[in-house]
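Chain residues, written in single-letter form:
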Amino acid sequence: MRGLRLIAGALALAATATFTPQAGAHRGHDAMSVVTLADNGAVTVSHRFEAHDLEPALAEIAPDAQTSLDDPAAIEELKTYLLAHFSLSADGAPVALTVGSVEIGVRDVRVDYTGSVIGNPRALEVRSTILRDIYPRQVNQVVVRRGPSVQTLRFAGGEAKTVMLRPGPVMPSPKAR
């Protein structure tokens, strides 16, 4: 009888040890966006999310659709939502973005937008409030790339951040050749 109680106690302890760390394993929500400015003025914005963060958020993003990444109506609402919660301005002029593609995988979701800038902007203003209205502790990371220059921004609120851009393509110095 005593042996049976020991086994039962050990199993209960093992079950607790197994489930307790999983409850704390997902500490917060995050998203990654990459903004790429090409020398010809083309702009690409690629948003990447964990599917397990995004799918439950569809209940608020697309309340009239199914809470599923398989529902085309929910994906259409998601595209609109992302445009409303992410914006770019080049030297103060808004950059119009349009949907390029949507890739839905088992673990992550990627939504790409395209746009263009005129001329050779010196500054890019970025605003990202994606999922902050749904997950208050949401952190959004935005990587801005132009040629060899890469800058990373972190958004945990509603603020806008400005990235100073290098003018035009950067050519290696004669000594580096």
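Look a little higher up for the structure.
Notes on the structure in this doc start here.

1. A few points about the overall build of the protein
In terms of helices and strands, the protein carries three helices and 10 strands. Of the regular secondary structure in the protein, the N- to C-terminal order runs α-β-β-α-α-β-β-β-β-β-β-β-β. By the burial criterion, 36% of the 177 residues in the protein qualify as buried. Considering only intrachain contacts with a sequence separation of at least 6, the fraction spanning at least 24 residues in the protein is 60%. Surface summary for the protein: the accessible area is close to 10,700 Å², and the carbon and sulfur share equals 56%.

2. Re the nonpolar core
Counting 40 residues, the largest nonpolar core has Val35, Phe86, Leu88, Leu124, Val126, Leu131 and Val144 as its most contacted members. In this structure Phe86 touches Ser33, Val35, Val45, His47, Leu97, Val126, Arg127, Ser128, Ile130 and Val142, once residues within four positions along its chain are discounted.

3. Here we look at the environment of Val45
Among the structural elements, Val45 can be located in strand S2 (residues 42-50). On the accessibility criterion, Val45 (0% relative accessible area) is buried. Each C-alpha atom, one on Val45 and one on Thr98, is 9.6 Å from the other, the two residues being 53 residues apart in sequence. Those residues in contact with Val45, other than ones at most four positions away along the chain, are Val34, Val35, Phe86, Leu88, Leu97, Val111, Asp112 and Tyr113.

4. Observations concerning helix H3 (residues 72-85)
Helical geometry: 3.6 residues make up each α-helical turn, so side chains three or four residues apart lie on a common side. Its 14 residues place the ends of H3 20 Å apart at the C-alpha level, agreeing with the 20 Å of an ideal helix rising 1.5 Å per residue. Burial in H3 covers these residues: Ala74, Ile75, Leu78, Lys79, Tyr81, Leu82 and His85. The buried residues of H3 all sit within an arc of 165° when viewed along its axis, so they share a single face. Facing away from the buried surface of H3 by more than 90 degrees, the exposed residues are Pro72, Thr80 and Ala84. The inward-facing, buried residues of H3 contact S2, helix H2 (51-61), strand S3 (86-90), strand S5 (98-104), strand S6 (108-116) and strand S7 (123-128).

5. Focus: unusual backbone geometry
For Asp91, which is not glycine, the phi torsion reads 50° and is therefore positive. Given a relative accessible area of 45%, Asp91 falls into the partly exposed group. Positive phi, close to 65°, is recorded for Leu131, a residue that is not glycine. For Leu131, the location among the structural elements is in the loop between S7 and strand S8 (139-146).

6. What to know about the sheet that holds strand S9 (residues 149-155)
The strand order S5-S6-S2-S1-S8-S9 describes an open sheet built from six strands, whose pairing is mixed. Each having just a single partner strand, S5 and S9 make up the two edges of the open sheet. Strand-to-strand twist of the sheet, defined as the mean angle between neighbouring strand axes without regard to direction, takes the value 15°. Pairing between S8 and S9: seven bridges, direction antiparallel. The residue of S9 that forms the bridge with Arg145 is Val150. On top of the sheet, H2 reaches strand S1 (30-37), S2 and S6; it is set at about 90° to S2, its chief contact. Across the sheet, H3 is in contact with S2, S5 and S6; its angle to S6 comes to roughly 55°.

Rules behind the numbers
Residues numbered from 1 in each chain as written. Predicted model: local features only at pLDDT ≥ 70, side-chain atom pairs only at ≥ 80, totals over all residues. Heavy atoms only, no water. Helix = DSSP H or I, 4+ residues; strand = E, 2+ residues; numbered from the N terminus. Buried < 20%, exposed > 50% of the residue type's maximum accessible area, 1.4 Å probe, protein only. Contact = heavy atoms within 4.5 Å. Areas by Shrake-Rupley, 256 points an atom, 1.4 Å probe, with all protein chains shown as cover. Core = buried A, V, L, I, M, F, W, Y, C linked by side-chain atoms within 4.5 Å. Expected span 1.5 Å × (residues − 1). Arc of directions from axis to C-beta. Pairing = 2+ DSSP bridges. Axes fitted to C-alpha atoms, helices over the stretch in contact; angles between N-to-C directions.

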